[in-house]
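Here are the chains, one letter per residue:
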Amino acid sequence: MTSAEKKWVIYDVGNSAFVLMSTAVVPIYANSLLKAAGRTDIVSTWGYAQTIASLIIALLMPILGSIADVQGMKIRFFIGFFGTGVITTCALALPLTWLPFLIVYVIATIGLNGSLTFYDSMLIDTTTNDRMDKVSSHGFGWGYIGSTIPFMLCLALIFGGPHTLGWSTAACTRASFLIVAVWWLIFTIPLLTSYRQRHYRTTADHMGEAIHGTLHEIGTTFRNIMRNKPLWMFMIAFFLYIDAVNTVISMSTSYGTQLGIDSTQLVIALLVTQFVAFPCSLAYGRLARIFSAKTMIVAGVVAYMCIVLFAAFFLRSATEFWILAISVGVFQGGIQALSRSYYGKLIPKNRANEYYGFYDVFGKTASILGTLLVATITSATGNPSIGVLSIAILLTGALVFLTLQKDPTVKP
């Protein structure tokens, strides 16, 4: 890879530390705070917190994305959201009760996901169309393997700190948030010092003109998307299948916790998932060059259908959770990476951030529906398995749209 491609990939190494922590450590710590307050509804509470964060990002990104397509603005917005994420990750160490903790966590999640919207759109400035699948897959792959280093440091502190340092487990967990924030910061510096926005819109008065025309441009972009049948069909399919991916990622630990699976087993299984995801993400990028990105996306959707059915009907013990975690690791990075790069091939390069704003709306709105669906059905039935099972309907819809969509990136 080129130097620019490598530095772009490295940001995935940094931010993935927060993603892994929020998947494994944060839900368990939040559960301990909820239990201390006499609450036991971790799945629904966690689901609502994820829903709020996703909703805010979904509302913000089309507007900010349109402004960020102006020359020089993309990196400024990226720094703003990235900085918010790092600062609030440090601040997670401060709250000692569940509600303030979840509020800070929601802000940190907004910082992460906001930065990822601009980071994703940086891909078209970093590499060429024929290399996008490879570079995007390397980003997710190295992100998975790189995130295990701070994660293992955090685990060593959480499990060994009480004995060696004399700290409480809660204090060690709070210190682990600082480790993640520092790691995230260090691995963002190469991108900040090297990124150049190659595709952009120029205006006489960058910020003023961009803000003035934003709503009109969003409407124009939406109409252009609707005129592009392969694009809007893919976006609907993406909306449906990414729901399953994001919901499984964000809810897996809380779901396992409510089923009574030991927290140590949950954390170790998720750590193994990262090691599985690393080679599988890279393999997905290579296979896309042989079979096409869309074909590999369809394969991932079918696999997630099997994963959801397995979670609903068979996940009852740590053994089944291990099977689930490894299965997710095989397909998670690949379907995310190829969705990002495939979308980048379908859109106009000089309006990439605006289009990626819509991409993020579809992705985050799907997350809203997924987590809200699981949380609501779990609360209504008292059975989290039924909530998980409902996701299979969305995956079926995604397969229908992917089957009907004609792939414009493949020559007849």
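Draft legend 1. View of the overall build of the chain. Assigned secondary structure in the chain consists of 15 helices and zero strands. Within the chain, the fraction of its 412 residues that count as buried is 58%. For the chain, restricting intrachain contacts to residue pairs at least 6 apart in sequence, the fraction spanning at least 24 positions comes to 84%. Accessible surface, the chain as shown: approximately 16,000 Å² in total, 70% of it carbon and sulfur.

Draft legend 2. Local environment of the packing of helix α5 (residues 132-164) against helix α10 (residues 263-291). Two elements in contact, α5 and α10, have axes separated by 8 Å at closest approach and are oriented at 165 degrees. Here α10 runs roughly antiparallel to α5, going by the angle between their axes. Two packed elements cross with a definite hand, and for α5 against α10 that hand is left-handed. Considering only residue class, the contact of α5 with α10 consists of 16 nonpolar, nine polar and one charged.

Draft legend 3. Local environment of helix α3 (residues 73-91). Given a rise of 1.5 Å per residue, 19 residues ought to cover 27 Å, and the 27 Å separating the end C-alpha atoms of α3 matches this to within 8%. Of the positions making up α3, those classed as buried are Met 73, Lys 74, Phe 77, Phe 78, Phe 81, Phe 82, Gly 83, Gly 85, Val 86, Thr 88 and Thr 89.

Draft legend 4. Spotlight on the environment of Val 26. Note that Val 26 resides in helix α1 (residues 3-36). In this structure, the C-alpha to C-alpha distance between Val 26 and Phe 177, residues 151 residues apart in sequence, is 9.1 Å. If sequence neighbours within four positions are ignored, Val 26 has contacts with Met 21, Trp 46, Phe 101, Tyr 105 and Phe 177.

Draft legend 5. Spotlight on a nonpolar patch on the surface. On the surface, Leu 309, Phe 313, Phe 314 and Leu 389 cluster together into a nonpolar patch covering about 370 Å² of accessible area. Considering the arrangement of structural elements, one finds Leu 389 in helix α14 (residues 384-389). In this structure Leu 389 comes out as partly exposed when scored by relative accessible area, which is 30%.

Draft legend 6. Seen up close, the side chain of Arg 340. Summarising the element assignment, Arg 340 is placed in helix α12 (residues 318-346). Reaching out from Arg 340, the side chain makes a polar contact with the side chain of Asp 12 at a distance of 3.5 Å. Here Ser 136 takes part through its side chain, which lies 2.9 Å from a polar atom of the side chain of Arg 340.

Draft legend 7. Quick look at the packing of aromatic side chains. Within the structure shown, the criterion is met by 19 aromatic pairs. For the ring pair Phe 234 and Tyr 342, a centre distance of 4.9 Å and an interplane angle of 75 degrees mean the geometry is edge-to-face. Of this pair, Phe 234 sits in helix α9 (residues 229-258) while Tyr 342 sits in helix α12; the two residues are 108 residues apart in sequence, bridging distant segments of the chain. Ring pairs connect the aromatic residues Trp 8, Tyr 11, Phe 18, Phe 78, Phe 82, Tyr 105, Tyr 119 and Trp 184, which therefore count as one cluster.

Draft legend 8. Summary view of unusual backbone geometry. With a phi angle near 90 degrees, Ser 292 is a residue other than glycine that sits in the positive phi range. You can see Ser 292 is positioned in the loop between α10 and α11 (293-313).

Draft legend 9. Structural view of the confidence of the model for the chain. In the predicted model, the chain carries a mean pLDDT of 83, and 87% of its residues have values of at least 70. Helix α8 (residues 206-227) is the least confidently modelled element of the chain, averaging 64 in pLDDT, while helix α6 (residues 169-186) averages 95, the highest of any element.

About the criteria used
Residues numbered from 1 in each chain as written. Predicted model: local features only at pLDDT ≥ 70, side-chain atom pairs only at ≥ 80, totals over all residues. Heavy atoms only, no water. Helix = DSSP H or I, 4+ residues; strand = E, 2+ residues; numbered from the N terminus. Buried < 20%, exposed > 50% of the residue type's maximum accessible area, 1.4 Å probe, protein only. Contact = heavy atoms within 4.5 Å. Areas by Shrake-Rupley, 256 points an atom, 1.4 Å probe, with all protein chains shown as cover. Axes fitted to C-alpha atoms, helices over the stretch in contact; angles between N-to-C directions. Parallel < 35°, antiparallel > 145°, perpendicular 65-115°, else oblique. Left-handed = near helix turned anticlockwise from the far one by under 90°. Nonpolar A, V, L, I, M, F, W, Y, C, P; charged D, E, K, R; others polar. Expected span 1.5 Å × (residues − 1). Patch = residues over 30% accessible without salt bridge, like charges linked within 9 Å, V, L, I, M, F, W, Y side chains within 5 Å. Salt bridge = Lys/Arg side-chain N within 4 Å of Asp/Glu carboxyl O. Polar contact = N/O pair within 3.5 Å; in protein donor to acceptor, adjacent residues only side chain to side chain. Phe/Tyr/Trp six-rings, centres within 6.5 Å; stacked < 30°, edge-to-face > 60°. pLDDT = per-residue confidence, 0-100.

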